[in-house]
Amino acid sequence: MLSETSRIIRSVSDLSKSIDSFKKAGKSIALVPTMGALHEGHLSLIRLAKKNADVVVCTIFVNPTQFNDKKDLEKYPRTEEKDAELLNKEKCDIIFIPLMHEVYPVGHVPLKISYNGLDKVMEGDYRPGHFDGVVEVVARLFQMTRPDVACFGEKDFQQLAVIQELVAQHDFPILIIPGPIVREEHGLAMSSRNERLTAAQRSDASILYKTLNDMKKMAAFMNPDELASWGRDKISACECCELEYLEVAESHNLQPIYRWKETDSSRAFIVARFGEIRLIDNLQLLP
Ligand code: PAF
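Quick summary incoming for the structure in this document. Given the structure is predicted, the values throughout are model-derived calculations rather than measurements.

1. Overview of the overall build of the protein chain
Right, on to step 1. Each helix and strand counted, the protein chain has 11 helices and 9 strands in total.
Right, on to step 2. Here the C-alpha radius of gyration of the protein chain, 19 Å, is about what a compact globule of 287 residues would show, namely 19 Å.
Right, on to step 3. Overall, the protein chain is about 55 × 40 × 35 Å in size when its C-alpha atoms are taken along their principal axes.
Right, on to step 4. Expressed as a percentage of its 287 residues, the buried residues of the protein chain come to 53%.
Right, on to step 5. Partitioning the contacts of the protein chain with sequence separation of at least 6, the portion at a separation of at least 24 is 73%.
Right, on to step 6. Looking at the protein chain as shown, the accessible area adds up to about 13,700 Å², and 53% of this sits on carbon and sulfur atoms.
Right, on to step 7. Looking at charge distribution, the protein chain has the averaged site of its 36 positive side-chain charges lying 3 Å from that of its 42 negative ones.

2. With respect to the packing of aromatic side chains
Right, on to step 1. Scanning the entire structure with this criterion turns up 5 aromatic pairs.
Right, on to step 2. Here Tyr-126 and Tyr-245 contribute two aromatic rings whose centre-to-centre distance is 5.2 Å and whose plane-to-plane angle is 40 degrees, an arrangement assigned as tilted. Of this pair, Tyr-126 sits in helix H6 (residues 122–126) while Tyr-245 sits in strand E7 (residues 242–250); the two residues are 119 residues apart in sequence, bridging distant segments of the chain.
Right, on to step 3. Its relative accessible area of 39% is what places Tyr-126 among the partly exposed residues.
Right, on to step 4. Residue Tyr-245 is classed as buried on the basis of its relative accessible area of 4%.

3. Some points on helix H2 (residues 40–52)
Because an α-helix completes one turn every 3.6 residues, residues spaced three or four positions apart along the sequence face the same direction.
Right, on to step 1. In a regular helix each residue adds 1.5 Å, so 13 residues correspond to 18 Å; H2 covers 18 Å between its end C-alpha atoms and thus fits that length.
Right, on to step 2. Among the residues of H2, those classed as buried are Gly-41, His-42, Leu-43, Leu-45, Ile-46, Leu-48 and Ala-49.
Right, on to step 3. Tucked inside the fold, the buried residues of H2 contact strand E2 (29–34), strand E3 (55–60), helix H4 (80–89), strand E5 (149–153) and strand E6 (175–179).

4. What to know about the state of the cysteines
Right, on to step 1. Applying the stated criterion to the full structure yields 1 disulfide.
Right, on to step 2. Through a disulfide, Cys-238 is tied to Cys-240; the S-S separation comes to 2.4 Å. What sets the handedness of the Cys-238 and Cys-240 disulfide is the S-S torsion sign, and at about 130 degrees it is right-handed.
Right, on to step 3. Looking at Cys-240, the relative accessible area reads 21%, which means it is partly exposed.
Right, on to step 4. Free of any disulfide, Cys-92 has its nearest cysteine sulfur in Cys-58, 5.2 Å distant.
Right, on to step 5. According to the relative accessible area criterion, Cys-92 is buried, its value standing at 1%.
Right, on to step 6. In this model Cys-151 remains outside any disulfide bridge; the closest cysteine sulfur is found in Cys-58, 11 Å from its own.

5. Concerning the sheet that holds strand E8 (residues 266–274)
Right, on to step 1. Read from one edge to the other, the open sheet built from 3 strands follows the order E7-E8-E9, with strand pairing classed as antiparallel. Strand pairing shows two members of the sheet lacking a second neighbour, E7 and strand E9 (277–286), which therefore form its edges. Across the sheet, the axes of successive neighbouring strands diverge by a mean angle of 15 degrees, strand direction being ignored.
Right, on to step 2. Relative to E9, E8 runs antiparallel, the two sharing 9 bridges. Residue pairing for E9: Ser-266 is matched across the bridge by Leu-286.
Right, on to step 3. Running at roughly 20 degrees to E9, helix H10 (residues 206–218) makes contact with E7, E8 and E9 of the sheet.
Right, on to step 4. Against the sheet, helix H11 (residues 224–236) makes contact with E7, E8 and E9, and its axis sits at roughly 160 degrees relative to E7, the strand it touches most.

6. A word on the pairing of E8
Right, on to step 1. For E8, the buried fraction is high: 8 of the 9 residues fall into the buried class.
Right, on to step 2. Judged from the 8 bridges that link them, E7 and E8 form a sheet pairing that is antiparallel. Its bridge partner being in E8, Tyr-245 is matched across the sheet by Val-271.

7. With respect to helix H1 (residues 12–24)
Right, on to step 1. For H1, built from 13 residues, the straight-helix expectation of 18 Å at 1.5 Å per residue is met to within 8% by its first-to-last C-alpha distance of 18 Å.
Right, on to step 2. All of the buried residues along H1 are Leu-15, Ser-18, Ile-19 and Phe-22. Taken down its axis, H1 places every buried residue within 100 degrees of arc, on the same side. The exposed set on the far side of H1, more than 90 degrees from its buried face, consists of Lys-17 and Lys-24.
Right, on to step 3. Those residues of H1 that are buried are in contact with strand E1 (7–9), E2, E3, strand E4 (94–96) and helix H7 (130–145).
Right, on to step 4. In the stretch just after H1, Gly-26 is the one whose phi turns positive, near 80 degrees.

Rules of the game
- Residues numbered from 1 in each chain as written.
- Predicted model: local features only at pLDDT ≥ 70, side-chain atom pairs only at ≥ 80, totals over all residues.
- Heavy atoms only, no water.
- Helix = DSSP H or I, 4+ residues; strand = E, 2+ residues; numbered from the N terminus.
- Rg over C-alpha atoms; globule rule 2.2 N^0.38 Å.
- Buried < 20%, exposed > 50% of the residue type's maximum accessible area, 1.4 Å probe, protein only.
- Contact = heavy atoms within 4.5 Å.
- Areas by Shrake-Rupley, 256 points an atom, 1.4 Å probe, with all protein chains shown as cover.
- Lys, Arg positive; Asp, Glu negative; His and termini not counted.
- Charge placed at Lys NZ, Arg CZ, Asp CG, Glu CD.
- Phe/Tyr/Trp six-rings, centres within 6.5 Å; stacked < 30°, edge-to-face > 60°.
- Expected span 1.5 Å × (residues − 1).
- Disulfide = S-S within 2.5 Å.
- Pairing = 2+ DSSP bridges.
- Axes fitted to C-alpha atoms, helices over the stretch in contact; angles between N-to-C directions.
- Arc of directions from axis to C-beta.

The structure is reproduced here in structure tokens:
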């Protein structure tokens, strides 16, 4: 029988023993990597993981190598006790909270991938070095937890694409399962950063999802370029936020599209700042 209460593990050797014994017993392992400050979006990934494997390991590690903004790293919420309670309620089997020196031991050489253009658009362009840090930590988490499946949210759609490349290029025998975006009542995509928004900013931030939805409706009447400009104008007209980017891109390679004919699946991607808080969202436009 698997545990009724989540087990908190902090050392790689304890985790390794635990994973070995599950594997020996023929159990499959699912990984849900997180940086903590858990919300319903993360918990939906735990439920997805439970449906797809016998044992669920949730990792909590605020990874410094993926923060290109030091202030963002310092202010990233840390709520370990509350996170453990939530995971316990979801009957997550193992909560792995590794120490920095075990994730990045002295002499550790980061795994690299060839991005095939993914680092030249959107997050790659605006957050230099971010995906190198994501690849580095996710590869380490894969090595430490040895999962059969791993669940990642579609809110960070470009991250998901980068992780698919990591798995393919380094032959990790892991099935990546995407989890749909979970939204607050007025459409704002759930994010650990939402906690730092004021009540007014939180309400204003619903403009992101509203614009994405309006773009989906308008897609039949405009080409992708016109549609992206239309969306940018809508966001820019609002004084509540500062638009960083809004792009219409092909879902498979995230490259911009200029005519609908060029795509069988397109998405709109948006990032805007509400004060200091940078929010990200995306929505499938076609089909
Ligand atoms: O999406 C996140 O929370 C992080 O980028 C991840 C995948 C846990 C790596 O630190």
